[in-house]
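Commentary on secondary and tertiary structure
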Amino acid sequence: MPGLLRGVARTAVVAGTATAVSNRVSRRQAGRWAQQDSGQQQQQQQAPPQQAPPAAAPSSDMNDKIAQLKQLGELKTQGVLTEAEFEEQKRRILG
């Protein structure tokens, strides 16, 4: 009987240790994610979002429009423009 109790106690200790380590790893990972999220939010708050220059009078030259659309696309992929801002500027250029 003492051997059985020793085995059960050892199993309980190993399981408890594994649970504690797993919980600590989860908390550390969640903390890192929270820091990354807050760091990104702070960067967005510190630097006011740059807005694309307003499109001048609609150009009849298609090359100018294409160049402006490429520039808007680059700003969008860099995260400077949101989807709504991109769509608004695109409408101004094409409209």
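Per chain, residues are indexed from 1 in the order of the written sequence. Whole-chain, interface and lining totals are the exception, using all residues; otherwise, since this is a predicted model, local features are given only for residues with pLDDT of at least 70 and side-chain atom pairs are given and counted only at 80 or more. Side-chain measures were taken over the full set of non-hydrogen atoms in the model, leaving aside hydrogen atoms and water.

**A closer look at the packing of aromatic side chains**
What counts here: Within 6.5 Å between ring centres, the rings of Phe, Tyr and Trp (the latter by its six-membered ring) count as paired, and their orientation is classed by plane angle as stacked under 30 degrees, edge-to-face over 60, tilted in between. In this scheme, the term charge over a ring applies when either NZ of a lysine or CZ of an arginine sits within 6 Å of the ring centre and within 35 degrees of the ring normal.
If you walk through the whole model with that rule in mind, you get zero aromatic pairs. The ring of Phe-86 carries Lys-76 above its face, with NZ or CZ at 4.9 Å from the centroid.

**Quick word on the nonpolar core**
For clarity, the cut-off: Among buried residues, the Ala, Val, Leu, Ile, Met, Phe, Trp, Tyr and Cys ones that are joined through side-chain atoms within 4.5 Å form a nonpolar core. When a residue's accessible area, from a 1.4 Å probe over protein chains only, is under 20% of the maximum for its type it is buried; when over 50% it is exposed; and in between it is partly exposed. In this text, helices come from DSSP runs of H or I with a minimum length of four residues, and strands from runs of E with a minimum of two, each type numbered from the N-terminal end.
Leu-72, Leu-75, Leu-81, Phe-86 and Ile-93 form the largest nonpolar core, which has five residues in total. Secondary-structure elements contributing two or more residues to this core are helix H2 (62-77) and helix H3 (83-94).

**Considering the pattern of salt bridges**
We count it as follows: By definition here, a salt bridge exists when the distance from a side-chain nitrogen of Lys or Arg to a carboxyl oxygen of Asp or Glu is within 4 Å.
Applying the stated criterion to the full structure yields three salt bridges. Measuring nitrogen to oxygen at the nearest pair gives 2.8 Å for the salt bridge that ties Lys-76 to Glu-83. One salt bridge in this structure joins Glu-88 and Arg-92, with 2.8 Å as the shortest N-O distance. Residue Glu-88 and its partner Arg-92 are located together in helix H3, separated by four residues, close to a single helical turn. What makes Glu-88 partly exposed here is its relative accessible area of 34%.

**Some details on a positive patch on the surface**
To keep things clear, this is the line we draw: By definition, no residue in a patch forms a salt bridge, and every one has over 30% relative accessible area; like charges are joined within 9 Å, nonpolar side chains (Val, Leu, Ile, Met, Phe, Trp, Tyr) within 5 Å. A 1.4 Å probe and the Shrake-Rupley method give the accessible areas. Residues count as covered only by the protein chains that appear here. In this charge count, Lys and Arg are treated as positive and Asp and Glu as negative; neither His nor the chain ends contribute. Throughout, a charge is located at the NZ atom of Lys, the CZ atom of Arg, the CG atom of Asp or the CD atom of Glu.
Residues Arg-24, Arg-27, Arg-28 and Arg-32 make up a contiguous surface patch of positive charge. The topology assignment puts Arg-28 in helix H1 (residues 2-46). Owing to a relative accessible area of 46%, Arg-28 belongs among the partly exposed residues under this scheme.

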